[in-house]
Each structure stands twice: as structure tokens, then as C-alpha cells.
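What follows is each chain in one-letter form.
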Amino acid sequence: MSTVLTFLLFFFIIIIVTIHILLRPLSQGFIRPLLSPLCTLPGPKPFNYIWGSVKDIQSNDPGMAHLKWIKEFGNTFVFKGLFSINRLYTHDLRAVSHIISNPDTFVKAEDYKIGVSKLTGKGLIWAEGDLHKRQRRAMNPAFSTQNVKHLSNVIWDKALQLREIWLSQLDEARCATSSDNDIDSGYESASGPASKAAPSPPASVNVEGIQWITKFSFDVIGLAGFGHAFNFLQSADGEEGDELLGALQTISKSGEKMSFLSTIMLFIPIARYLPFVPEREHAAVNALSTCRRVGGELIAARKQQIAEEGEDEDEKRKDLLSHLIRANISPSVPESMKLTDENVLDQIPTFLLAGHETTATSLSWTVAELASKPAIQDKLRAEIVAAFPDDSDLEFDSHPSYDEINALPYLDGVVKEALRLYPTIQFVKRAAAHDNTVIPLSEDITLRDGSVVREVRLNKGDNIDVPIAGLQRDPKLWGEDALEFNPERWMDGRTSQIRLPGVVQNLMAFMGGAHGCIGYKFAIAEMKIFLFTLIRSFKVELERADMEIVRSSDVFITRPLVKGEFEKGNRLPLKVTAL
Ligand code: HEM
């Protein structure tokens, strides 16, 4: 072939590839959505092309914009997401159950999967289909009730450790107050010795709630997940600590809020070919590779331990990593069901992040509510003290059992109410896997052309938001006090009529179906043990009576902020008094 012909052929291939690269996303991103049957559904007018209706969502408390739209358009409607991408939103419980129980038809949306893989790699949160089934089967035993009972010892150790730290801070504060009183009284009263000074008031200290809860939950997941001691509770602020911990903190930070460039790259497929990596993402990519390297070392070390000690000795280890490795080497597990080393490695950032961020945020909101509602806090403490009058039971080696903690009804109500009113994840994103996908509804809807139907049709790739915050805050389901923190609603039979299809009855906070949260029992045990230990020992208030704790909706995971002090970032300033 002549040089000219080779050149022309090469040139032709380049043109074809370029047209394919340019047109495919154009057709998938812009043309196909215009032809989607979703366009026939009613819904709010977008703010503009780029923002769609997202500004409305962000400027309201989670779930509230959707509840407003429901009043106007009914339970099932379409709103525009970023870049005016259609998003189906349905409050119809038949539709929600159908979506979450058919994971092969309603798959994780592409942008959600890309976001998750950047933060945690291709672990259980990312996986679908057979890979998901294999991963889930390998991990289920680690999250059985029996295993969570064993793992709850780790939670007790860490909650008691935090109690000791706060107690010693209070001791220091008490010493400082009493020596001040001594000095004061020595100066003020020449008539008597310092010991006759007025009794010092009960000592209290100011602590940053989110910071301590984060340290606690990182330490818990490090040990329960991987038998790895971060010792974050003992570390001083700003201290250069564990390498894995540092990497996880960087990843958490990068997931807090996306830059405009990252958003464009996530939602416009063609933009993913841009030769830039936003700075925050760059840090997250490096951090993820640190996680994988350290994770690889943890796996190798554990395998060697098993080889040296034998499998029987290893059976005593209950952490997730030990379960995974045991399942992978067990001759009773067929080869086709085993995970690759790569799959096992992917679970390390997945579980460290999914297991700490969500629980820490839920706990922060629970403590914020208890700190601002003393009557609820007192009632909770009264229940705990009545059930376990002897404080000396709270020792490192003797504490109430998992079943005893779960039998406390008001504690259960407090935890469920916090998960209801402050779901860490406000919705999950799914997309139709095929053209002509049908979602059945329990009630008729009227399309834009006036026709009445009892189903929604979707094309492949059409987006669905499965609501969590909206359903959990809907007055039609929960009554007129839906936006109030009221643990009693879980005790007086009011919730028995609600039929939300979550893994925990009547809660969507952990989702449901095949992708429902695998760690929910562990998360609930962690929240209950933390509250039991600390509310029993301390009175917790907001640092100043005039403080108001609020949240913002423009981030994926919403943590507490102090009203009027947003520039200081997520905070929960507490005043803690020893009882
Ligand atoms: C209060 C705490 C928690 C909340 C609110 C929560 C919430 C959720 C939600 C809503 C999902 C569904 C995501 C989706 O369908 O796209 C999920 C899945 C998941 N969660 Fe949790 N979670 C919590 C704690 C935990 C803990 C402690 C762990 C692990 C130790 C964990 C590990 C996971 C994993 C691995 C998945 C993916 C499950 C799958 O797709 O099979 N979560 N979680």
C-alpha cells in the first residue's frame, strides 16, 4: 500500500472514531432524553437549562421542594436535574417497591456509579448483577445479628473510651475551677481558709460534637471492619496520624461538595475526555491509591496470620476483612463464588467510608436534637438509668448486652426518629436498564396531553430519584407533626399504618431491596451504644442557648451547621456537664 493510501486510511479511522466519540454522548445526553416518554409527565418548570430545578431543591430543607411539587403535580412527576436531564420522582409506594425490588431493571445511574467509583472504588456500593450477588454473599455473614453482637464489644470499648476522655477533661476543668475559687477566696476572704470557699458548680467543658463523633466512628469501623486500630480518639488535634486514616479523611472531604468542573465531567459524558483533573479530585485519586496500597498490606498480613495460626484460631476474629478472607480460602465455597483479591481490596475504602460517614452524621443529628430538647434527653436518660441503675456496670469488660440495649423502647424511638427526620442520604439514583421499562402505580396520573394512565414508561438510561427524605418527612404519611423530632411516634402505634419498603420497617434511611444497606444493624447498634454510654453519664447542651443548628441541602451528605456561622463549616458545639 502506498504511503498516501495508508495515511488516508488512518485519517479516515480517526474521523470515524472522533464522530463516534462526539455523536454518541450527544445522542445519549441530549437527543434521547428529548424522545423519552418521561417528557409526557407533568412537573415543575426548570430555573434555567444548566441548573434545571436543582436550585429549588438546594434552597429548601431536604425533601421539602419535592413535597411542594407533589401538592401541585401529584405523587409522580418529572423535574429537571443539572443540564435539564429528566428525573422521575415518585412518592407512589407501589412504584417505589417495584423499583427497589427489581435491581436488574432499575440499575444504578451512570453518574452515581462514576461518583461512587471515584470515592470508594468498585466495591459493594458500586457493583451490580452477578458481581454484586457474589460480593454480597461473601459479606453477609459479617453483618449477621450474631456477628454484630460480637462486634458490638468494639463499639462499647470506644464509647467508654470517649466517656473517659470527657471525664478527664471535666476533671481538669473542675481542678481549674476549684483552684481559681481557692485563689479567689484567698484574696476575697481574709477571715477563713480557702477550703471554706463556696462549693464549685458542677464542672462542664465545651467540646466539638462532630469532631468527637467522627473520631469515635472512625475508630469503630477501623477495628470492626479490618481489625485495624486508628487510635483517632487518643490522637491530639492536627497530629499526623495513621496513613490510612489521613487518606480516608481526604476522600471524605472531596465528596463533600463537587467543583463546577467535576459536575460537568460527571453529567456530560463528552466532558469526561477533558484533559484536566480538578484539584480536589486529584487529591481523592491519590488518597484512594493510598487506601488500596495500605489495604493490600492489611490483606497480605491477615493472610499470613491465618497461614501461621491456622483457620480455627482465625475463626475467633469477627471483623469484616477476616470474614472475607476466610470465605475466599474456604474449600466449601465454590470457585465461581469467590472474590478476586482485587474485589476484596475494593471493599476496604467502600466499608471504611460507607461505615463511618453515614453513622457519624446520623449520630451528630441525634445529639444535636437531644442537646436542644432537654425534656427528650432527660426521658432517655431516665429510661437508661431505670433499666441499668448500677453505673459500675459500665466497665470495659462488663456492659449491657446487645439484646438488652435493643429492648429499650425510648432509645429505639430516639434513634429511629433521628434516622427518619435526618436521613444521611436524601435519595438514591437509579436508571432504566432497557427501553420500554414500565413502573406500575397505585393511582392514576394525568399526562401533559390530558390522558390518564396508571403506569410510567421509561427509555433506557432515564433517571429515577428514589426518595428517602421526601417519604420520611411527608405529613400525609407521618401526620401534621412530620417535621418535629418526636420519638414517641415509634412507641404509640402511630407508625403501624405506614408501609415504607425499607430494610428497617417504616424507614427508608437504609433503603431496601437487594441494594439495601448491609450495615444497618451495625449502624443502629453503634448509635444506641454511643447514646446509652454518653447520655447516661453527661448532660449535653448546645454551647450557647441562642445557637440554632441547621443544615444545607446543596451537599450529598448533610451535616450540622451553626446558623449564622456557616463560614466555620460543619460544627456541633456542645457544653457537656458531668452528672
Ligand atoms: C446510619 C448509618 C447508615 C445509613 C443511613 C446508611 C444508608 C445506606 C443507604 C441509603 C444505602 C443504599 C444505597 C443505594 O442503594 O444506592 C446503603 C448501602 C450500603 N451501606 Fe449503608 N448506611 C449506614 C451505615 C452503614 C454501615 C455502618 C456500613 C458498613 C459497615 C454500610 C455499608 C453499606 C454498603 C456496603 C452499602 C451497599 C449495599 C449494596 O449495594 O449491596 N452502611 N447504606
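For clarity, every value in this text was computed on a predicted model and none was experimentally measured.

### Thoughts on the packing of helix H6 (residues 129–139) against helix H14 (residues 341–372)
In step 1: Relative orientation of the contacting elements H6 and H14 amounts to 70°, with a least axis distance of 12 Å. Relative to H14, the element H6 lies roughly perpendicular. Taken together, the residues of H14 that come into contact with H6 (itself represented by Leu 131, Arg 134, Gln 135 and Met 139) are Asn 343, Gln 347 and Phe 351.
In step 2: When the residues that make up the contact of H6 with H14 are grouped by side-chain class, the tally is 3 nonpolar, 3 polar and 1 charged.

### What about the pattern of salt bridges?
In step 1: All told, the structure shown has 34 salt bridges when counted by the stated rule.
In step 2: Across the salt bridge formed by Asp 481 and Arg 489, the nearest N and O atoms sit 3.1 Å from each other. Accessibility classification places Asp 481 together with Arg 489 in one group, the buried group.
In step 3: In the salt-bridge network here, residues are joined through shared partners; they are Glu 417, Arg 420, Asp 481, Arg 489, Asp 492 and Arg 494.

### Looking at the coordination of the iron atom of the ligand
In step 1: In this structure, the iron atom of the ligand receives exactly one donor atom from the protein: Cys 517 (SG), at 2.3 Å.
In step 2: Tracing the backbone through its elements, the reader meets Cys 517 in the loop between helix H19 (475–478) and helix H20 (520–537).

### A closer look at unusual backbone geometry
In step 1: In this model, Asn 436 sits at a positive phi of 60°, which is unusual for a non-glycine residue.
In step 2: With respect to the helices and strands, Asn 436 occurs in the loop between strand S5 (427–432) and strand S6 (437–446).
In step 3: Even without a glycine there, the phi angle at Met 511 is positive, about 60°.
In step 4: Among the secondary structure elements, Met 511 is positioned in the loop between H19 and H20.

### Description of the packing of aromatic side chains
The relative placement of two aromatic rings is captured by the distance of their centres and the angle of their planes.
In step 1: Tallied over the entire structure, the rule returns 14 aromatic pairs.
In step 2: Here Trp 69 and Phe 77 contribute two aromatic rings whose centre-to-centre distance is 6.0 Å and whose plane-to-plane angle is 80°, an arrangement assigned as edge-to-face. Judged on exposure class, the residue Trp 69 and its partner Phe 77 are both buried.
In step 3: Taken together, a centroid distance of 5.4 Å and an interplanar angle of 70° make the contact between Phe 388 and Phe 532 edge-to-face. Highlighted residues: Phe 388 in the loop between helix H15 (374–387) and helix H16 (402–406) and Phe 532 in helix H20, separated in sequence by 144 residues. We note that Phe 388, like Phe 532, is buried.
In step 4: A cation over a ring is seen here: Lys 55 above Trp 51, with NZ or CZ 4.1 Å from the ring centre.
In step 5: We note Arg 551 situated over the ring of Trp 365; from NZ or CZ to the ring centre the distance is 5.6 Å.

### A short note on the UniProt feature "binding site: heme" (unreviewed entry) in the protein chain
In step 1: Within the UniProt annotation, "binding site: heme" (unreviewed entry) is assigned to Cys 517.
In step 2: Apart from the residues within four sequence positions on either side, Cys 517 is in contact with Arg 136 and Phe 510.

### Structural notes on helix H3 (residues 64–73)
In step 1: All of the buried residues along H3 are Ala 65, His 66, Leu 67, Trp 69 and Ile 70.
In step 2: Looking at the buried positions of H3, the neighbouring elements they touch are helix H2 (54–58), strand S1 (76–80), strand S2 (86–90), helix H18 (469–472) and H19.
In step 3: Trailing H3 by a residue or two, Gly 74 shows a phi angle of about 90°, which is positive.

### Regarding the site of the ligand
In step 1: Taken together, 30 residues lie around the ligand, and Tyr 112, His 132, Arg 136, Arg 430 and Cys 517 are the ones closest in.
In step 2: Contact distances for the ligand include 2.6 Å between an oxygen atom and a side-chain N or O atom of Tyr 112.
In step 3: Arg 430 places a side-chain nitrogen or oxygen 2.6 Å from an oxygen atom of the ligand.
In step 4: Of all the secondary structure elements, the ones that give two or more residues to the shell around the ligand are H6, H14, S5 and H20.
In step 5: At 6 residues, H14 tops the list of elements feeding residues into the shell around the ligand.
In step 6: Its residues assigned to classes, the shell around the ligand shows 18 nonpolar, 9 polar and 3 charged.

Definitions and limits used
- Residues numbered from 1 in each chain as written.
- Predicted model: local features only at pLDDT ≥ 70, side-chain atom pairs only at ≥ 80, totals over all residues.
- Heavy atoms only, no water.
- Axes fitted to C-alpha atoms, helices over the stretch in contact; angles between N-to-C directions.
- Helix = DSSP H or I, 4+ residues; strand = E, 2+ residues; numbered from the N terminus.
- Parallel < 35°, antiparallel > 145°, perpendicular 65-115°, else oblique.
- Contact = heavy atoms within 4.5 Å.
- Nonpolar A, V, L, I, M, F, W, Y, C, P; charged D, E, K, R; others polar.
- Salt bridge = Lys/Arg side-chain N within 4 Å of Asp/Glu carboxyl O.
- Buried < 20%, exposed > 50% of the residue type's maximum accessible area, 1.4 Å probe, protein only.
- Donors = N, O, S within 2.8 Å, 3.2 Å for Na, K, Ca; no water.
- Phe/Tyr/Trp six-rings, centres within 6.5 Å; stacked < 30°, edge-to-face > 60°.
- Lys NZ or Arg CZ within 6 Å of the ring centre and 35° of its normal.
- UniProt positions renumbered as here; feature names shortened; annotations may be inferred.
- Near = heavy atom within 4 Å.
- Polar contact = N/O pair within 3.5 Å; in protein donor to acceptor, adjacent residues only side chain to side chain.

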